[in-house]
Amino acid sequence: MSAPADVETDLLRAVVLAGGLTFEREVSLSSGTQVVEALLRAGLDAELRDADGDLLPGLAAAPADAVFIALHGSTGEDGAVRAVLDLAGIPYVGSPAAACRLAWDKPAAKSVVRSAGVTTPDWVALPHSTFRELGAGAVLDLIVARLGLPLMVKPASGGSALGAQKVSRVEDLPAAMVSCFAYGDTVLVERFVEGIELAVSVVDLGDGPHALPAVEITPESGVFDYTSRYTPGLTEYHSPARVPDDVARRAAEVAVTVHEELGLADLSRTDLIVDADGAVHFLEVNVSPGLTETSMFPMAVEAAGHRLGDVLTTLLRQAAARA
């Protein structure tokens, strides 16, 4: 992967979108703050803006050369805000709206990725109405009979591991399902794969998508849930990951394949599990990777020998040029 090229930054005005009205608002604001600080250090004119009713009038009155989307949750990752920016003719960093909609739907993304030959844990995705109409007990019995235990239960769309739980006992499954339905109408239940969890970020700095060094994730609790992600000290990170070179290479190949098969652009982060046999399993992909102090994308950028502000500046300049 090419290093970020030296860019003229004094004429580039960037707006960083953060906040929104999702469960992940505070995480988004933290990401946005980190992005603005990195861009300011890189010499850009960067401003943090919330995704609210003042956004479009503000951008019309003071146009940005490009927008960086640091929104997490549905607002920033399901393609809706990007579709509006497209309507307004405002260039932005990141994947197009249609690709975001596909990646946001975890079961749909798993289907596309599996069709491309990538291994992903077996799963079933069911809406809340199915459990109401057919009886939760009978449906849960079928799920356990089909997928076995332990299971990973999570909302079919969403990020930051909100509502995600590992279930090892049948009697704990109903409560895990109820917790998931607090974050969305459809739940994804997949076979839990024991192994090493990796986050592999992909960036395209002008010469095609390339994987950054994998980040190995070792949560103290054993499960990389919301608390483990955003509470400093509860998770150990190693970048590059402490895996054999051939495993690191396969993980990088999977992340790039996911990025390309789903039609993503500029940047993404793919979450993977490496099992005891060294097989790499796709879990999900994030089109708006976290950029907080405990996020994996900045760790991967640093492990690659780059400065975050330089990488983000290159992406913003490319977005402005596309316009």
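Computed from a predicted structure; not experimentally measured.

Asker: Explain the nonpolar core to me, using residue names and the numbers behind them.
Answerer: Within the largest apolar cluster, 34 residues are counted, with the highest numbers of intra-cluster contacts made by Leu39, Phe68, Phe297 and Leu316. At the level of secondary structure, the elements contributing two or more residues to this core comprise β1 (13-18), α1 (25-41), β3 (66-69), β9 (196-204), β11 (215-219), α12 (296-303) and α13 (308-322). Examining the composition of this core, we find that six residues originate from one element, α13, more than from any other. No fewer than three residues from each of domain 1 (13-94) and domain 2 (101-119 + 194-287) sit in this core. Excluding residues within four positions of it along the chain, Phe68 makes contact with Val15, Val16, Leu17, Val35, Val93, Leu267, Leu291, Leu312 and Leu316.

Asker: Tell me about the layout of surface pockets, and please be specific about residues and values.
Answerer: Looking at the largest pocket, its volume works out to about 510 Å³. Lining of the largest pocket is provided by 31 residues; of these, Met152, Glu197, Phe224, Ile273 and Leu283 occupy positions nearest its centre. Sorting the residues of the lining of the largest pocket by element identifies β6 (151-155), β8 (186-191), β9, β11, β13 (267-274) and β14 (280-286) as the ones contributing at least two each. Looking at the lining of the largest pocket element by element, the count peaks at four residues for β11. Structurally, the lining of the largest pocket is a two-domain feature, drawing no fewer than three residues from each of domain 2 (101-119 + 194-287) and domain 3 (123-191).

Asker: Let's hear about the UniProt feature "binding site: Mg(2+) 1" (unreviewed entry) in the protein: which residues, and what values?
Answerer: In this numbering, the UniProt entry assigns the feature "binding site: Mg(2+) 1" (unreviewed entry) to Asp271 and Glu284. The annotated residues that sit in the lining of the largest pocket are Asp271 and Glu284. In contact with Asp271, not counting residues within four places along its chain, are Leu198, Ala199, Arg229, His281, Phe282, Leu283 and Glu284. Here the side chain of Asp271 touches Arg269 through a polar contact of 3.0 Å, side chain to side chain. Tracing the sequence through the fold places Glu284 in strand β14. Residue class for Glu284 comes out buried when judged on its relative accessible area of 16%. Sequence-distant contacts of Glu284, defined by excluding residues within four places in its chain, comprise Lys106, Lys154, Gly158, Arg269, Thr270 and Asp271. Engagement of the side chain of Glu284 in a polar contact is seen with the side chain of Lys154, the distance being 3.1 Å.

Asker: Please give an account of the UniProt feature "binding site: Mg(2+) 2" (unreviewed entry) in the protein that cites residues and values.
Answerer: On the UniProt side, "binding site: Mg(2+) 2" (unreviewed entry) is annotated at positions that read Glu284 and Asn286 here. Of the residues annotated just before, the largest pocket has Glu284 among its lining. Checked against the element boundaries, Asn286 lands in strand β14. For Asn286, a relative accessible area of 10% puts it in the buried group. Sequence-distant contacts of Asn286, defined by excluding residues within four places in its chain, comprise Glu77, Ser268 and Arg269.

About the cut-offs
Residues numbered from 1 in each chain as written. Predicted model: local features only at pLDDT ≥ 70, side-chain atom pairs only at ≥ 80, totals over all residues. Heavy atoms only, no water. Core = buried A, V, L, I, M, F, W, Y, C linked by side-chain atoms within 4.5 Å. Buried < 20%, exposed > 50% of the residue type's maximum accessible area, 1.4 Å probe, protein only. Helix = DSSP H or I, 4+ residues; strand = E, 2+ residues; numbered from the N terminus. Domains from an automatic or database assignment. Contact = heavy atoms within 4.5 Å. 1 Å grid on protein atoms, 1.4 Å probe; cavity = no way out; pocket = protein on both sides within 12 Å on 5 of 7 lines; lining within 4 Å. Points joined across faces, edges and corners; volume = space filled by probe spheres on them. UniProt positions renumbered as here; feature names shortened; annotations may be inferred. Polar contact = N/O pair within 3.5 Å; in protein donor to acceptor, adjacent residues only side chain to side chain.

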